[in-house]
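# Per-entry structural report
Okay, here's what each chain looks like letter by letter:
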Amino acid sequence: MQVKNEKTINAILDIINDYYMQYRESPTMDKIAEKLGISKATACRYVNVLMERGLLERTSRYGAFKTEITNKYDREMSEYPVVGDIACGTPILAEQNIEYYVTMSANLLGNGNFFILRAKGDSMINAGIKDGDLVVVRQQDTAEEGQIVVALVDGSEATLKRYYLDRKHKRIRLHPENDEMQDMFYKEIDIQGIAVKVFKNLL
C-alpha cells in the first residue's frame, strides 16, 4: 500500500506532539491508530513515511518518537519538584517531602538548579508571599543581605525569611515580612537557596 494522504501524515505529527506535551511520552502505535480510526499496520506505514522524510525519529526507548517540536520542548522545559511541609531532620528534597513536579520553561528561571517550596503561614505576607503560594527557589548555600532565603535553623527546621547579618553581635538575622512578628537571630544557619519567583492562586 502506498501512503499518499498528507492530511493523515500531518494528523499523526499533531497526535504525537499533543500527546507528548500532555504526558511527556510518545503515544503508542495503537493509540495513534485509534485516534485516526485506522489499523495499526496502516499507522506503522505512515510513521515509516514520516521517518523517511526526517520529520520523525525513533528514540532509544522502544516505541518512542521525537519530532522537531518535542525536541524543542525538551530543550526549553524542565521539571521542578514541589516540596511540601518539611519533616524535621530530613533533607528538603528528600523523596517524602516532594508532593509532585511542575513542568515549566527553563527560560523563566535562568541558570541554576531549582525547587519549589509551598509557603506555610503568614510570616512573609509583606513580601507578597501568602500561605499556600508556590515559591521558586534557586539552590545555593550563600546569599546576599536582603535576599529571601530558605534556611535550615536549629539543625532541622526549614524557614523562609529575609536574610541579614548582624555584624555588631556576630550573628544572623532572619527577618519575617510581617509587622506583627519579631526578627529571629542565630549564630549559624544552613542556607538551602534563595527565592526567585512566586506563583500565586488568584482565587
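Please read all numbers here as calculations on a predicted model, not as lab measurements.

### Remarks on the pattern of salt bridges
Two side chains bearing opposite charge may form a pair once their charged atoms approach each other closely. Summed over all chains, the structure comprises 8 salt bridges. Its salt-bridge partner being Glu177, residue Arg162 comes within 2.6 Å of it at the nearest N-O pair. In this pair, Arg162 sits in strand β8 (residues 157-166) while Glu177 sits in the loop between β9 (171-175) and β10 (184-186), placing the two residues 15 residues apart along the sequence. The pair formed by Arg162 and Glu177 is uniform in burial state, with each residue classed as buried. With a closest N to O distance of 2.8 Å, Arg173 and Asp183 form a salt bridge. Here Arg173, found in strand β9, pairs with Asp183, found in the loop between β9 and β10; they are 10 residues apart in sequence, far enough to count as distant. Taking relative accessible area as the criterion, Arg173 reaches 23% and is therefore assigned partly exposed. You can call Asp183 partly exposed: its relative accessible area is 26%.

### Concerning the sheet that holds β10
Two orientations exist for strands paired in a sheet by backbone hydrogen bonds: parallel and antiparallel. Strand order in the open sheet made by the 9 strands is β4-β3-β5-β6-β11-β7-β8-β9-β10, with mixed pairing throughout. Of all the strands in the sheet, just β4 (98-105) and β10 have a single pairing partner and so form its edges. If you compare each strand with its neighbour and ignore which way they point, the axes differ by 40° on average.

Calculation notes
- Residues numbered from 1 in each chain as written.
- Predicted model: local features only at pLDDT ≥ 70, side-chain atom pairs only at ≥ 80, totals over all residues.
- Heavy atoms only, no water.
- Salt bridge = Lys/Arg side-chain N within 4 Å of Asp/Glu carboxyl O.
- Helix = DSSP H or I, 4+ residues; strand = E, 2+ residues; numbered from the N terminus.
- Buried < 20%, exposed > 50% of the residue type's maximum accessible area, 1.4 Å probe, protein only.
- Pairing = 2+ DSSP bridges.
- Axes fitted to C-alpha atoms, helices over the stretch in contact; angles between N-to-C directions.

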